[in-house]
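Structural overview
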Amino acid sequence: MRYLVISDLHANIEALDTCLQDAARRGYDRTVVLGDVVGYGPDPNAVVERVIGLQPAAIVRGNHDKIAFGIDQAEGFNVAARAAAQWTLDALSPSVREWLVALPQGPTMVDGLFEICHGSPTDEDEYVFDEIDARRALGVAQRPLCLFGHTHVALVFQLQGRTMGLLTPPEEGLPLTEDAKYLVNPGSVGQPRDADPRAAYAIFDAEANRISLYRVDYPIERTQEKMAAAGLPEPLIRRLAAGR
Ligand code: ZN
């Protein structure tokens, strides 16, 4: 079984479709979604419809998806994120809003093989940036492999014995060793923040026990034009091209 792993899509249909085409070329069987399907981007309804069409094996909600409950969910957001949240809330079709409200909170086990969450297995809203955060997260993870999102930074933490390492997966993918635990962020489909503006996704091959992280170019300008036309905040438009 090959799992397509997508996270932080953020209503960016150009980025999502590019990832889906690239992943189809490589081949996958099922999809898991790590949350933040909407927020920031100009196409929340289209992206939700696309995700529904993928019939995900598992999905968890992200903090931006909770906007569907009401704008008070944007309390901790900065000015631009809050403005985008209000825009998103106004743009959601009733059925899409209903779908978002019904999204489950992580962590969620997938086929008994691995675990997915938005922020961390302890708290869906927590950011896992460094080894200290990763150690805490892996301390409660139920499986040797835990996939998370939220930071929009693609990376792989490996805990082997007491040694925590940050790995760079090779082109052909990273073989997971039996005696280690892994915390993997596939990166963000719709708003990368790791200085690489290309859309990010991952494929986990359960038989080979191997994870591969991919980056693909997508038509960023098209997404930016739509955001400008929608009146979404300028800093959010600019950051797409910077990947920050
Ligand atoms: Zn996000």
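In case you missed it, the structure is sitting above this.
Residues numbered from 1 in each chain as written. Predicted model: local features only at pLDDT ≥ 70, side-chain atom pairs only at ≥ 80, totals over all residues. Heavy atoms only, no water.

A look at the environment of V110
What counts here: Numbering goes from the N terminus for both helices and strands, where a helix is a DSSP run of H or I of at least four residues and a strand is a run of E of at least two. In what follows, a contact means two residues having at least one pair of non-hydrogen atoms within 4.5 Å.
Assignment of secondary structure puts V110 in strand 4 (residues 108–110). In sequence terms V110 and G243 are 133 residues apart; their C-alpha atoms lie 30 Å from each other. When near neighbours in sequence (up to four residues on either side) are disregarded, V110 contacts Y3, V32, A58 and I116.

A few points about the pairing of strand 1 (residues 2–6)
Consecutive residues of a regular strand have side chains that alternate between opposite faces of the sheet. How we decide: Buried residues are those whose accessible area, probed at 1.4 Å on protein chains only, stays under 20% of the maximum for their type, while exposed residues exceed 50% and partly exposed ones sit between those limits. Here, a strand pair is defined by DSSP locating no fewer than two bridges between the strands. The handedness of a crossover follows from its direction of travel: if, with the strands pointing away from the viewer, the path from the first strand over the helix to the second runs clockwise, the crossover is right-handed.
The buried fraction of strand 1 amounts to 4 of the 5 residues, a majority that puts the element mostly inside the structure. As paired strands, strand 1 and strand 11 (residues 199–205) are joined by 4 bridges and run antiparallel to one another. Within strand 11, the position partnered with V5 by the bridge is A202. With 4 bridges connecting them, strand 1 and strand 2 (residues 30–33) associate as parallel partners. Opposite V5, over in strand 2, you have V32 as the bridge partner. Where the polypeptide runs from strand 1 across helix 1 (residues 13–26) and back to strand 2, its parallel neighbour, the crossover connection is right-handed.

Describing the packing of aromatic side chains
Spelled out, the test is: What counts as a ring pair is set by centres within 6.5 Å for rings of Phe, Tyr and Trp (its six-membered ring), and what kind of pair is set by the plane angle: stacked under 30 degrees, edge-to-face over 60, tilted for all other angles. Any Lys NZ or Arg CZ that is within 6 Å of a ring centre and within 35 degrees of that ring's normal is treated as a charge sitting over the ring.
As enumerated under the stated definition, the model contains 5 aromatic pairs in all. Grouping aromatic residues by their ring pairs yields a cluster made of Y3, F114 and F204. Note that R26 overlies the ring of Y214, its terminal NZ or CZ placed 3.7 Å from the centroid.

Some points on the side chain of D43
Topologically, D43 is positioned in the loop between strand 2 and helix 2 (44–53). D43 gets classed as buried once you look at its relative accessible area, which sits at 17%. Once residues within four sequence positions are removed from consideration, D43 is found in contact with A11, I13, E14 and K226.

All quantities given are derived from atomic positions and should not be read as evidence of function.
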